[in-house]
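Residue-level listing of the chains:
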Amino acid sequence: MRRGLFKKVFGDRNPFKQVIVVRGDLKLSPGKLAAQVAHAAVSAAQKSPHKKAWMHQGQKKVVVGCDNLKDLKDIYAVARKAGHATALIEDAGRTEIAPGTVTCLGIGPGLETELDEITGKLKLL
């Protein structure tokens, strides 16, 4: 959507955002955490039908934490059932953690109000 048309339709509102959910039990280093969050952000955005509008409005995203793999998979199931673009990230295992370890989840971009229903109670990182 062109920037002018986007503004005409949505005004100054930014209705889209992306949420990255990170497992808190892994205790990743800051660099490893940044790489995993980047993987999730790119992978989920590529799947979203809202990516163009989201990109035109500044690519709003938040990173939140959950306690463990079970919680992450529960959030993943809810987001998928609601029809959101998702990307569950598994590490290649070349540095800090074992191959195949699920580290984080990218959701959206999607409508902020809808994503907040799923992830709004999680703590910001």
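Our next topic: the sheet that holds strand β4 (residues 102–111). Taken in spatial order, the 5 strands make up an open sheet running β3-β4-β1-β2-β5, and their pairing is mixed. Where the open sheet ends on each side, the last strands, each with one partner, are β3 (86–90) and β5 (123–124). In this sheet, β4 lies alongside β3 in antiparallel orientation, the contact comprising 5 bridges. Residue pairing for β4: E90 is matched across the bridge by V102. Strand contacts of helix α2 (residues 30–47): β1 (16–23), β2 (61–66), β3 and β4, with the helix running at about 40 degrees to β4, the strand carrying the most contacts.

Right, let's talk about the nonpolar core for a bit. It is characteristic of soluble globular proteins that their nonpolar side chains tend to be buried jointly. Ranked by size, the top nonpolar core spans 13 residues in total, and within it V19, V21, L72, I75, L105 and I107 carry the most contacts. Looking at this core, the elements with two or more residues in it are β1, β2, α4 (69–81), β4 and α5 (112–119). When neighbours within four sequence positions are excluded, V19 is seen to be in contact with V62, V64, L105, G106, I107, L115 and T119. Judged by nonpolar contacts, the second largest core, of 9 residues, contains V22, A40, A44 and C104.

Each value, and the rule that gives it
- Residues numbered from 1 in each chain as written.
- Predicted model: local features only at pLDDT ≥ 70, side-chain atom pairs only at ≥ 80, totals over all residues.
- Heavy atoms only, no water.
- Pairing = 2+ DSSP bridges.
- Helix = DSSP H or I, 4+ residues; strand = E, 2+ residues; numbered from the N terminus.
- Contact = heavy atoms within 4.5 Å.
- Axes fitted to C-alpha atoms, helices over the stretch in contact; angles between N-to-C directions.
- Core = buried A, V, L, I, M, F, W, Y, C linked by side-chain atoms within 4.5 Å.
- Buried < 20%, exposed > 50% of the residue type's maximum accessible area, 1.4 Å probe, protein only.

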